[in-house]
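# Structural features, examined
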Amino acid sequence: MSGASVTVAVRVRPFNTRETQQQSKCVVQMCGNTTCITNPKLPNDSTKSFTFDHSFWSHTSESDPHFASQLRVYESIGAELLLQAFHGYNVCVLAYGQTGAGKSYTMMGTAEPGQRGLIPQLCEDLFARVAKEGSSEVSFSVEVSYMEIYCERVRDLLTPRGRGGGLRVREHPLLGPYVQDLSRLAVTSLGDIAELLDSGNKARTVAATAMNASSSRSHAVLSIVLSQRRRDPLSQLCSEKVSRISLVDLAGSERADHAGTSGLRLKEGANINKSLTTLGKVISALAEAQNKRKKPDFIPYRDSVLTWLLKENLGGNSRTAMIAALSPADINYEETLSTLRYADRTRHIRCHAVVNEDPNARLIRELRREVARLRELLRAHAPPLAGPDHEPPNDPPPAEPPPPTAVNGATELLPPLSAAEAMERLQESERIMAELNETWEQKLQRTEALRMEREALLSEMGVALREDGGTMGVFTPKKTPHLVNLNEDPLMSECLLYHIKDGVTRVGRVDVDIKLSGPHIEDQHCLFRSQPGPIGEVVVTLEPCEGAEVYVNGQRVTEPLELQSGCRTPRTGRRQLRSRESPSPPPPVAPGGAGSPSGCTRSHSAER
Ligand code: ADP
Ligand code: MG
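What you are looking at is a predicted structure, and each value in this text was computed from that prediction instead of being measured.

### What about the site of ligand 1?
- Around ligand 1 there are 13 residues in total, and G100, G102, K103, S104 and Y105 lie nearest to it.
- Contacts to ligand 1 include G100, whose backbone N or O atom sits 2.6 Å from an oxygen atom.
- Contact between ligand 1 and A101: an oxygen atom at 3.4 Å from a main-chain N or O atom of the residue.
- Surface burial for ligand 1 is 79%, taken as the share of its 550 Å² of free accessible area covered by protein chains.
- Counting residues per element, the shell around ligand 1 draws most heavily on helix α3 (residues 103-107), at 3 residues.
- Here the residues of the shell around ligand 1 sort into 4 nonpolar, 6 polar and 3 charged.

Below is the structure:
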């Protein structure tokens, strides 16, 4: 079967507030599938033009007949891939581009009508189709995992246990690269998946806040595994198709060039970019091999966690699309041109997708064989080195290639194993087999248990959870005074909510109601006192603790201060007070983008 090229789309967003204020010029033009860019410094120089599968013009508004809405982007890219997934192919969408160019808007979007991104629209379609086609003969199951790759470490966004420590990326001779212990949760409805996405995004914010970083420096990888089981009514034989839908919001591409411009970024090291740089190298190597019409000799998949995990999606068994997000503004000319070049290279990659027919049945068969072989091997080594509680050693990082392993079950080709290695591999294979044999009911129970654990943990941290569980978006209690978290990333902004209870709410590191971390946060940092005022309104006072740095609206506070709705307290993690005295219009918070959140961002970055 001949491969299909990676589908490549570019999309240009409207000017943001700052660009409008600076009277930026639009340097990107689109006509049909062609995208042109003009160098603002050399306007007489010929413009450069590129042709893609889609050039989405989202610079203007709905009234423009050429305007590409969220729906149009989904229908052109997402709907087609979903169709392929139902046929049993692996599919993948990668969003690439400079920070602020519109990756998250394209992938996730916002909760407002018409603004939902590709992911929520795809999930909605997926469940609509499952509901329509499910019958006594066909059954579907959907499982989700959501992880973040930051500084070459993988974090599970769906389990509280995933916080902090990184998960190990391993390679199994039959499964290929995978993340050990990454939770894969069973979902039965759009509501379920929306809730998981929401809580995953919250977990991202918590981590970014704790690390004093920004989510734009991490890659978010959402995987949806769709399994369809079909029973033939005549023969009663079952067949199964499994496809993995990988939806990837990549870290901002500008880091690839400008890493190390500031002290903090330098410290975080080349690691943040290692995945993105390697992705570029992998794409170039694959594209070059395609141009020369030869089999690629060496593709550096193993050089980074991202490319190692996305190996199949890049030039392997997958139907893959990339959406490159472009800023229209003259000031971003260089970055935008480099994004266009990157997207252009990606067009040359071909993938070889195959329908994943009965992969689990085959896997279980092969795993059984592998387990039997390993047991035999261990019996030959006597006495056994490893007991049942033996702690397996860490895998070498993907950068140091593990011993070459054979493809697709040809385990006989493996190099000889030591007893310890054989024991470790046996435990690993047995664990994978147990997971594959888990019933749907067991999966649902595990998902529910994790959900409760997650909620308990978040509420322990003082984070309020949405009570309705319905659509994505932010749940804002109208009655209780609360703090909202503001993030430079508008999608993450207001994801976290901290209630201020009646009486005293303590903030700090140890023995507190709201736990914060990061530099400058004291064990006991400050406290909020909430009391009824003379006319029954709620009065909230902020009291800094001895020696703690606390700022309200940019001013250092050393004495107790009565807060107003809309106050900003950047030093305690860019939080903003909202309270109930304002029953109708919400307090002065700019909805997304410019306005006060960016004001907070500025004062925040000044701390670094
Ligand atoms: P990225 O994820 O690439 O860093 P975002 O998706 O967060 O960038 O976009 C930055 C800002 O621009 C956000 O406020 C977002 O809502 C807005 N934006 C991006 N693309 C569009 C678009 N096509 N239409 C309207 N607003 C957009
Ligand atoms: Mg983003």
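Text resumes after the structure shown.
### Details of the sheet that holds strand β3 (residues 28-31)
- Within the open sheet, the 3 strands sit side by side as β3-β4-β5. Their pairing is antiparallel. Every interior strand has two partners, whereas the edge strands, β3 and β5 (48-51), have only one. The mean inter-strand angle of the sheet, taken between neighbouring strand axes irrespective of direction, is 20 degrees.
- As judged from the 4 bridges shared by strand β4 (residues 34-37) and β5, these two strands associate in the antiparallel manner. Pairing of C36 across the sheet is with S49, part of β5.
- Packing against the sheet, helix α10 (residues 333-346) makes contact with β3, β4 and β5, and its axis sits at approximately 35 degrees to β5.

### Considering the pattern of salt bridges
- Taken as a whole and judged by the stated rule, the model has 16 salt bridges.
- Put simply, R302 and E171 hold a salt bridge, and the shortest N to O gap is 3.7 Å. Of this pair, R302 sits in the loop between α8 (271-291) and α9 (305-309) while E171 sits in strand β10 (residues 169-172), and the two are 131 residues apart along the sequence.
- Bridged by salt links that share partners, the residues R168, R170, E424 and E428 form one connected network.

### Regarding the pairing of β10
- With 4 bridges connecting them, β10 and strand β11 (residues 176-179) associate as antiparallel partners. Across the sheet, residue H172 finds its bridge partner in β11, namely G176.
- Between β10 and β11, which pair antiparallel and follow one another directly, the connecting turn spans 3 residues.

### What to know about the confidence of the model for the protein
- Per-residue confidence for the protein averages 78 on the pLDDT scale, and 75% of its residues sit at or above 70.
- Confidence, expressed as mean pLDDT per element, reaches its minimum in the protein at helix α14 (residues 595-607) with 28 and its maximum at strand β6 (residues 54-57) with 98.
- Note that pLDDT drops below 50 for residues 256-267; the model gives that stretch 12 contacts with residues more than four away or on any other chain.
- Taken together, the stretch residues 384-413 has pLDDT below 50 and engages in 39 contacts with residues farther than four places along the chain or on a different chain.

### Describing the sheet that holds strand β22 (residues 538-544)
- Strand order in the open sheet formed by 5 strands is β20-β19-β21-β22-β25, and the pairing between neighbours is mixed. Both edges of this open sheet fall to β20 (514-515) and β25 (561-562), since each of them pairs with a single strand only.
- Relative to β20, strand β19 (residues 503-508) runs parallel, the two sharing 2 bridges. Across the sheet, the residue bridging to V507 is I514, located in β20.

### Notes on the packing of aromatic side chains
- Evaluation of the coordinates by the stated rule reveals 3 aromatic pairs.
- Considering the side-chain rings of F86 and F140, the 5.7 Å spacing of their centres and the 70 degrees angle between planes classify their relative orientation as edge-to-face. Of this pair, F86 sits in helix α2 (residues 70-87) while F140 sits in strand β8 (residues 138-150), placing them 54 residues apart in sequence.
- Exposure remark for F86: the relative accessible area of 3% places this residue in the buried category.
- For the pair Y96 and Y342, a centre-to-centre distance of 3.8 Å together with 10 degrees between the ring planes defines the contact as stacked. Taken together, the residues Y96 in strand β7 (residues 91-97) and Y342 in helix α10 connect sequence positions 246 residues apart. Per residue, the accessibility class of Y96 equals that of Y342, and both read buried.
- Over the ring of F86 we find R129; its NZ or CZ atom is 4.1 Å from the centre of that ring.
- The ring of Y89 carries the charged tip of R319 above its face, separated from the ring centre by 4.2 Å.

### Examining unusual backbone geometry
- At E152, a residue that is not glycine, the phi angle is positive and equals roughly 65 degrees.
- By the secondary structure assignment, E152 is in the loop between β8 and β9 (153-156).
- Phi at D181 takes a positive value of approximately 70 degrees, unusual for a residue other than glycine.
- A relative accessible area of 53% places D181 in the exposed class.

### Re the environment of E430
- Structurally, E430 is set in helix α12 (residues 419-437).
- As for E430 and R368, which are separated by 62 residues in sequence, their C-alpha atoms are 8.6 Å apart.
- Sequence-distant contacts of E430, defined by excluding residues within four places in its chain, comprise V371 and R375.

### Topic: the environment of V144
- Note on placement: V144 falls in strand β8.
- For the pair formed by V144 and S223, sequence separation is 79 residues and the distance between their alpha carbons is 5.7 Å.
- If we ignore the near neighbours within four places in the chain, the residues touching V144 are L158, S183, R184, L185, V187, I193, L196, L222 and S223.

### As for the packing of helix α11 (residues 359-380) against α12
- Where α11 contacts α12, the two axes come as close as 9 Å, and the packing angle between them is 150 degrees. The angle between α11 and α12 falls in the class roughly antiparallel. Between α11 and α12 lies a crossing of left-handed hand. Within the contact between the two elements, α11 uses N360, L363, I364, L367, R368, E370, V371, L374, R375, L377 and L378 and α12 uses A419, A422, M423, R425, L426, S429, E430, I432, M433, L436 and N437.
- Of the residues belonging to the contact of α11 with α12, the class tally is 14 nonpolar, 3 polar and 5 charged.

Reading the values: rules and limits
Residues numbered from 1 in each chain as written. Chains lettered and ligands numbered in written order. Predicted model: local features only at pLDDT ≥ 70, side-chain atom pairs only at ≥ 80, totals over all residues. Heavy atoms only, no water. Near = heavy atom within 4 Å. Polar contact = N/O pair within 3.5 Å; in protein donor to acceptor, adjacent residues only side chain to side chain. Areas by Shrake-Rupley, 256 points an atom, 1.4 Å probe, with all protein chains shown as cover. Helix = DSSP H or I, 4+ residues; strand = E, 2+ residues; numbered from the N terminus. Nonpolar A, V, L, I, M, F, W, Y, C, P; charged D, E, K, R; others polar. Pairing = 2+ DSSP bridges. Axes fitted to C-alpha atoms, helices over the stretch in contact; angles between N-to-C directions. Contact = heavy atoms within 4.5 Å. Salt bridge = Lys/Arg side-chain N within 4 Å of Asp/Glu carboxyl O. pLDDT = per-residue confidence, 0-100. Phe/Tyr/Trp six-rings, centres within 6.5 Å; stacked < 30°, edge-to-face > 60°. Buried < 20%, exposed > 50% of the residue type's maximum accessible area, 1.4 Å probe, protein only. Lys NZ or Arg CZ within 6 Å of the ring centre and 35° of its normal. Parallel < 35°, antiparallel > 145°, perpendicular 65-115°, else oblique. Left-handed = near helix turned anticlockwise from the far one by under 90°.

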